[in-house]
Amino acid sequence: MPNQTYLRLALPTPLRRYFDYLAPQGVDCKALKPGVRVKVPFGSRTLVGILIEVVNKTDILAAKLKTAIAILDEEPILTTDVYKLCEWAAQYYHDAFGEVLTAALPVLLRKGALLPSDDSAAVPNKSVLAPLLPNASQQSAIDTIIQAKQSFKTFLLDGITGSGKTEVYLQTIAHYLEEPTAQVLVLVPEISLTPQTIRRFQERFAVPIVALHSSLSDKERLRGWCAARSGEARIVIGTRSAIFTPFKHLTLMIMDEEHDQSFKQQDHFRYHARDLMVMRGSMNNIPVVLGSATPSLESLLNVKRERYQSLFLNVRAGDALLPTYQTIDIREHPLEEGLSQPLLAAMREHLNAGNQVMLFLNRRGFAPVLYCTECAHIVGCERCDTRMVYHRKPPRLHCHYCDAKKPVPKRCVKCNGESLAPVGLGTQRIEEVLQQYFPDVPVIRVDRDSTRKKNALHALLEEINNQPKAILLGTQMLAKGHHFPNVTLVGMIDADHGFFSVDFRALEQMGQLLVQVSGRAGRAEKPGTVLIQTAHPDHPLLQTLLKKNYAAFAQQLLNEREQALLPPYTYFAVFRAESYNAEASYQFLNQLKLAITPLDTASILGPVPALVAKRKGLHCQQLLVKATKRSTLQGYLKSILSTIDTMPRVSGIKWLLDVDPVEMG
Ligand code: ADP
Ligand code: ZN
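Participant: How would you summarise the coordination of the zinc ion (ligand 2) if you had to cite specific residues and measurements?
Facilitator: For the zinc ion (ligand 2), the full set of protein donor atoms is Cys381 (SG), Cys384 (SG), Cys399 (SG) and Cys402 (SG), and the range of their distances to it is 2.3 to 2.4 Å. Every donor counted, the 4 donor atoms about the zinc ion (ligand 2) form angles of 106 to 114° at the centre, which fits tetrahedral coordination. Read from N- to C-terminus, the donor residues coordinating the zinc ion (ligand 2) fall into the pattern C-x2-C-x14-C-x2-C. By relative accessible area, which is 0% here, Cys399 ends up buried. Relative accessible area serves as the criterion here: at 10%, Cys402 is assigned to the buried category.

Participant: Break down the nonpolar core for me, citing the residues and quoting the values.
Facilitator: Counting residues in hydrophobic clusters, the biggest one holds 114 residues, and the most contacted among them are Leu185, Leu187, Ile243, Phe244, Leu472 and Phe575. In terms of residue count, helix H1 (residues 80-92) provides more of this core than any other element does, 7 residues in total. Setting aside chain neighbours within four positions, we find Phe575 in contact with Leu589, Gln621, Gln622, Leu623, Val625, Leu637, Ile640, Leu641, Ile644, Trp655, Leu656 and Leu657. Ile142, Tyr169, Phe201 and Ile237 belong to the second-largest nonpolar core, a separate cluster that totals 28 residues.

Participant: Any chance you could break down the sheet that holds strand S24 (residues 571-579) for me, citing the residues and the numbers?
Facilitator: Read from one edge of the open sheet, 4 strands run S25-S26-S24-S27, paired in antiparallel fashion. Looking at the sheet topology across the chains shown, the edges are occupied by strand S25 (602-615) and strand S27 (654-659). With direction set aside, neighbouring strand axes in the sheet form an average angle of 20°. Inspection of the sheet shows S25 paired to strand S26 (residues 618-627) by 8 bridges, in the antiparallel sense. Among the inter-strand pairings, Ile604 is bridged to a residue of S26, identified as Val625.

Participant: Let's hear about the sheet that holds strand S9 (residues 235-238): which residues, and what values?
Facilitator: Strand pairing in a sheet takes place through backbone hydrogen bonds and is either antiparallel or parallel in direction. Spatially, the 7 strands line up as an open sheet ordered S8-S9-S7-S10-S11-S6-S12, and their pairing is parallel. Here the strands that pair on one side only, and so sit at the sheet edges, are strand S8 (209-212) and strand S12 (308-313). For this sheet the average axis-to-axis angle between neighbouring strands, irrespective of direction, equals 20°. Pairing of strand S7 (residues 183-187) with S9, which is carried by 4 bridges, proceeds in the parallel orientation. Counted as the bridge partner of Leu187 is Gly238 from S9. Seen against the sheet, helix H4 (residues 136-147) touches strand S6 (153-159), strand S10 (250-256), strand S11 (287-292) and S12 and runs at an angle of roughly 155° to S12.

Participant: Explain the packing of helix H9 (residues 297-304) against helix H15 (residues 550-563) to me, and be specific about the residues and the numbers.
Facilitator: H15 packs onto H9 with a crossing angle of 85° between their chain directions and a minimal axis gap of 10 Å. By the angle between their directions, the pair H9 and H15 is classed as roughly perpendicular. Residues Leu297, Leu300, Leu301 and Lys304 of H9 form the contact with H15, whose own contacting residues are Tyr550, Ala554, Gln555, Leu557, Leu558 and Arg561. Within the contact of H9 with H15, the residues separate by chemical class into 7 nonpolar, 1 polar and 2 charged.

Participant: Please provide a residue-by-residue account of the site of ligand 1, values included.
Facilitator: Looking at ligand 1, there are 16 residues lining it, with Leu133, Gln138, Lys165, Thr166 and Arg200 nearest. Between ligand 1 and Gly162, the relevant distance is 2.9 Å, taken from an oxygen atom to a main-chain nitrogen or oxygen of the residue. Interatomic distance of 3.3 Å between a backbone N/O atom of Ser163 and an oxygen atom of ligand 1. Computed on the free molecule, ligand 1 has an accessible area of 560 Å², of which 76% lies beneath the protein chains in the complex. Here the shell around ligand 1 gets 3 residues from one element, more than from any other, and that element is helix H5 (residues 165-176).

Participant: Quick rundown of the pairing of strand S1 (residues 6-10)? Include the residues and the values.
Facilitator: With 4 of 5 residues buried, S1 lies mostly within the body of the structure. Examined bridge by bridge, S1 and strand S4 (residues 45-55) share 5 bridges and lie antiparallel to one another. Within S4, the position partnered with Tyr6 by the bridge is Val55. The pairing of S1 with strand S2 (residues 19-21) spans 3 bridges and is antiparallel. Counted as the bridge partner of Leu9 is Phe19 from S2.

Participant: Got a sec to walk through helix H8 (residues 273-284)? Specific residues and values, please.
Facilitator: For an α-helix the count is 3.6 residues per turn, leaving residues at separations of three or four pointing the same way. In this model H8 runs 16 Å from its N-terminal to its C-terminal C-alpha over 12 residues, within 8% of the 16 Å that 1.5 Å per residue would give. Asn285 sits one or two positions beyond H8 and adopts a positive phi of about 60°.

Parameters at a glance
- Residues numbered from 1 in each chain as written.
- Chains lettered and ligands numbered in written order.
- Predicted model: local features only at pLDDT ≥ 70, side-chain atom pairs only at ≥ 80, totals over all residues.
- Heavy atoms only, no water.
- Donors = N, O, S within 2.8 Å, 3.2 Å for Na, K, Ca; no water.
- Tetrahedral: all angles 85-135°; square planar, octahedral: opposite > 155°, others 65-115°.
- Buried < 20%, exposed > 50% of the residue type's maximum accessible area, 1.4 Å probe, protein only.
- Core = buried A, V, L, I, M, F, W, Y, C linked by side-chain atoms within 4.5 Å.
- Helix = DSSP H or I, 4+ residues; strand = E, 2+ residues; numbered from the N terminus.
- Contact = heavy atoms within 4.5 Å.
- Pairing = 2+ DSSP bridges.
- Axes fitted to C-alpha atoms, helices over the stretch in contact; angles between N-to-C directions.
- Parallel < 35°, antiparallel > 145°, perpendicular 65-115°, else oblique.
- Nonpolar A, V, L, I, M, F, W, Y, C, P; charged D, E, K, R; others polar.
- Near = heavy atom within 4 Å.
- Polar contact = N/O pair within 3.5 Å; in protein donor to acceptor, adjacent residues only side chain to side chain.
- Areas by Shrake-Rupley, 256 points an atom, 1.4 Å probe, with all protein chains shown as cover.
- Expected span 1.5 Å × (residues − 1).

As far as function goes, none of this settles anything; it's purely spatial.
Spelled out as structure tokens, the structure:
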């Protein structure tokens with residue numbers, strides 16, 4: 001066929017290749033721009049893909065070629081920089097380009113909706129609060145970030161909780177926005193948890209602001225996305241996936257709470273928004289600001305290696321005081337239903353003085369285990385290799401891995417015995433105990449169960465602020481972003497689970513959590529006290545954290561990681577395989593391991609069962625690939641992936657690759 005042309009498309013399938021199609025009838029291929037969306041038949045489905053290029057040759061047999069259904073856009077749907085970011089991400093995470101491009105689009109565009117023509121999603125604000133007078137370290141941070149304008153540089157804004165990081169963001173942004181078309185991207189961990197943050201932005205700027213978060217409808221999300229793309233929205237505040245937002249004139253990117261794990265996507269396309277932000281900054285030649293009171297070890301090492309520049313805020317802004325820490329040795333002061341006498345006494349004292357107390361336990365439900373006192377049988381999940389958590393409100397057994405629920409049994413399924421006992425502590429159980437100890441004080445529980453309904457968290461936060469005297473009880477949700485000025489006592493009910501986890505990141509996370517939780521308490525006239533219940537008060541890392549500070553704690557952890565050849569000093573990637581057949585996932589990874597050419601500069605460990613070895617009936621095994629250089633790991637992964645391509649297909653196996661995993665689960 002003379003002059004035949006074909007559309008080469010990236011499609012949202014896991015296959016790492018392009019697909020050729022004939023153009024729809026009457027479409028002039030020469031006028032098509034790469035980057036537009038194209039709707040095509042694919043097996044029995046229709047898919048929406050992205051045009052990579054128009055080509056004159058194809059390897060597909062004429063009889064097999066299919067014709068595209070429609071061209072959906074006139075102009076490329078993504079901006080050039082987002083397109084390039086996706087290209088880089090597809091290479092780095094070894095994902096199919098089509099899947100990455102699709103993940104970058106709002107849901108409605110993925111499904112083939114046309115771009116709406118009106119994009120006035122961003123509401124301009126009217127009343128504007130004046131900026132606060134910055135203290136010296138805030139001013140110096142602001143000045144430094146302003147100087148980096150129009151050039152790539154990554155800053156780590158390392159400021160203790162309450163040191164005024166948000167104020168630094170606001171004043172820096174104000175400066176960037178003086179340029180009439182300039183736009184700014186701000187990423188935060190979970191917006192629904194931090195309505196206060198958005199409000200502070202809205203109060204400060206008389207420019208259109210768009211918030212992109214999970215409680216928006218698909219339509220609202222699309223409109224917000226369009227407002228960023230058209231240049232109308234001047235500030236975009238969003239969660240992880242907002243890193244792919246297209247802008248007309250992006251000038252600055254900020255990530256708050258950069259240590260937060262929610263920036264790493266844990267399924268499908270497993271990117272880390274922090275790494276993508278730094279990459280996008282370098283591609284766009286603009287500054288990036290990462291802020292945290294408890295920076296990740298990755299970022300701290302990048303500062304040491306002079307890739308990032310740190311900016312310190314070492315005093316609390318205004319005149320709030322830092323809390324003081326004390327440990328309670330639970331070997332000397334045994335716990336009764338989770339609470340020791342010294343903790344109870346301190347609670348009474350603070351409540352009697354008319355203040356609020358915050359208790360923290362990172363386990364929801366009533367008790368993690370339901371146990372038969374006669375035969376020691378524990379009720380497990382039938383589909384997962386885990387125990388079912390006992391909930392009382394409403395009464396049920398609940399698997400926190402697969403969400404399976406069942407009624408609470410009256411008798412043991414094994415021995416028919418009648419004395420089933422809840423063992424261990426969850427927030428619901430502590431709530432009941434507190435109501436008995438403090439019948440006159442409202443107990444406000446904040447966890448995933450109590451905040452499931454829309455606006456439930458907001459209502460709880462209001463309630464907290466309206467009660468002079470109250471006990472707040474919660475999981476790590478309480479540690480995220482909120483300030484509770486009336487809280488003067490913080491109790492960590494169980495600080496110990498971080499010490500003995502098989503996950504090497506558990507200690508880092510425990511330290512971050514402790515500092516973040518403590519940072520929520522106390523103000524100028526009401527400094528906070530933090531009480532930590534532990535069986536290991538002398539643990540050297542806990543001592544460093546409490547007697548010195550997070551920086552010293554992190555340094556000690558970094559030394560340990562360096563000696564143990566763990567990230568961030570080495571680079572990890574994990575192949576995970578799942579199968580209903582208990583042997584198959586192991587066999588698959590083991591065969592893969594045998595087929596890979598060994599390298600001196602990289603090692604392969606496993607296959608071993610995942611932390612939770614069975615989930616939803618699937619047996620999960622993993623193979624760890626480890627190298628001392630990022631480039632070595634990257635090259636090696638490429639060759640391993642081509643090895644997989646040459647291996648015979650095994651049915652019933654699903655596998656995936658996770659580069660830089662943050663969960664070893
Ligand atoms: P961070 O984000 O570091 O936790 P914030 O920016 O939320 O800290 O500031 C903590 C508190 O201190 C806020 O109530 C804020 O209004 C106040 N604050 C920040 N900077 C100043 C300043 N320069 N002068 C007075 N108060 C300040
Ligand atoms: Zn389960």
